[in-house]
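So the chains spell out like this:
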Amino acid sequence: AQRVTQPEKLLSVFKGAPVELKCNYSYSGSPELFWYVQYSRQRLQLLLRHISRESIKGFTADLNKGETSFHLKKPFAQEEDSAMYYCALSFPGANSKLTFGKGITLSVRP
Amino acid sequence: DTAVSQTPKYLVTQMGNDKSIKCEQNLGHDTMYWYKQDSKKFLKIMFSYNNKELIINETVPNRFSPKSPDKAHLNLHINSLELGDSAVYFCASSQDLASGRRNEQFFGPGTRLTVL
């Protein structure tokens, strides 16, 4: 069965510091990986996905199949990046579903 | 506004009661979902409907019954509420691609259910 692991629950950094939110997955096929973000009092929304290979709000994530990882990175954190971040995995197929990691709270201090 | 909406936003009720949460999307998507977010913020899928047909039913007590009257609505009815049902319930929708690959899921604002 597929599984998503986010090993840390909280990451607290100062504004301007680099950020790396870790995500590892277990799945034998070719998964699709996503990062979703939930800002305070807002709904969960897609931040980025590996197939689009784009940078959103300065965040990037590279799928590393060898290490089965999809870490989210940003070189210079901003206060408005403070939020809950979820890594998620899905696989192609009619009964596919999103499997979420447990999430990590990113706190960016001024 | 085009979006996924849920009602009510907050629901406080006594143990043993029956309650419903409604979800509507006007994005024209063909797949809708219900998720449960527990007190530790862990998100877990409960159900998924594609074109009004149930395609995912995780290990959820049969006190929970989803109903999809049409593609744009997926309601969640809960019978005999228990303390452990207290959580935030999120509805979501997506338009899945012909290749079978999953597209972005759009989430509703959540319904915070508190069972006393």
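Residues numbered from 1 in each chain as written. Chains lettered and ligands numbered in written order. Predicted model: local features only at pLDDT ≥ 70, side-chain atom pairs only at ≥ 80, totals over all residues. Heavy atoms only, no water.

A look at the sheet that holds strand β8 (residues 73–78) of chain B
Residues and elements named next belong to chain B.
1) Next: Taken together, the four strands give an open sheet; going across it, the order is β1-β3-β8-β7, and neighbouring strands pair in antiparallel fashion. Every other strand in the sheet has two partners, leaving β1 (4–7) and β7 (64–70) as the edge strands with one partner each. Direction aside, neighbouring strands of the sheet carry axes that sit 20° apart on average.
2) Next: When strand β3 (residues 19–25) meets β8, the two strands line up antiparallel, connected through four bridges. Across the sheet, K19 pairs through a bridge with I78, a residue of β8. (Pairing = 2+ DSSP bridges. Helix = DSSP H or I, 4+ residues; strand = E, 2+ residues; numbered from the N terminus. Axes fitted to C-alpha atoms, helices over the stretch in contact; angles between N-to-C directions.)

Quick word on the pairing of strand β6 (residues 53–57) of chain B
Residue and element names in this part refer to chain B.
1) Next: When strand β5 (residues 43–50) meets β6, the two strands line up antiparallel, connected through four bridges. Bridge pairing links Y49 to L54 in β6.
2) Next: Where β5 folds back on β6, the antiparallel hairpin that results is connected by two residues, among which N51 adopts a positive phi of roughly 50°.

Examining the pattern of salt bridges
1) Next: Tallying each qualifying case throughout the model produces five salt bridges over all chains.
2) Next: A salt bridge links K73(A) to E20(A), with the shortest nitrogen-to-oxygen separation between them at 3.6 Å. In this pair, K73(A) sits in strand β8 (residues 72–74) while E20(A) sits in strand β3 (residues 19–21), placing the two residues 53 residues apart along the sequence.
3) Next: Residue classification places K73(A) among the partly exposed positions, given a relative accessible area of 42%.
4) Next: We note a salt bridge from R63(B) to D85(B), for which the minimum N-O separation is 2.8 Å. You can see R63(B) sitting in the loop between β6 and β7 and its partner D85(B) sitting in the loop between β8 and β9 (87–94), a full 22 residues away along the chain.
5) Next: We classify R63(B) as buried; its relative accessible area is 14%.
6) Next: Note on D85(B): relative accessible area 4%, which makes it buried.
7) Next: Members of the salt-bridge network, linked through shared partners, are E20(A), K22(A) and K73(A). (Salt bridge = Lys/Arg side-chain N within 4 Å of Asp/Glu carboxyl O. Buried < 20%, exposed > 50% of the residue type's maximum accessible area, 1.4 Å probe, protein only.)

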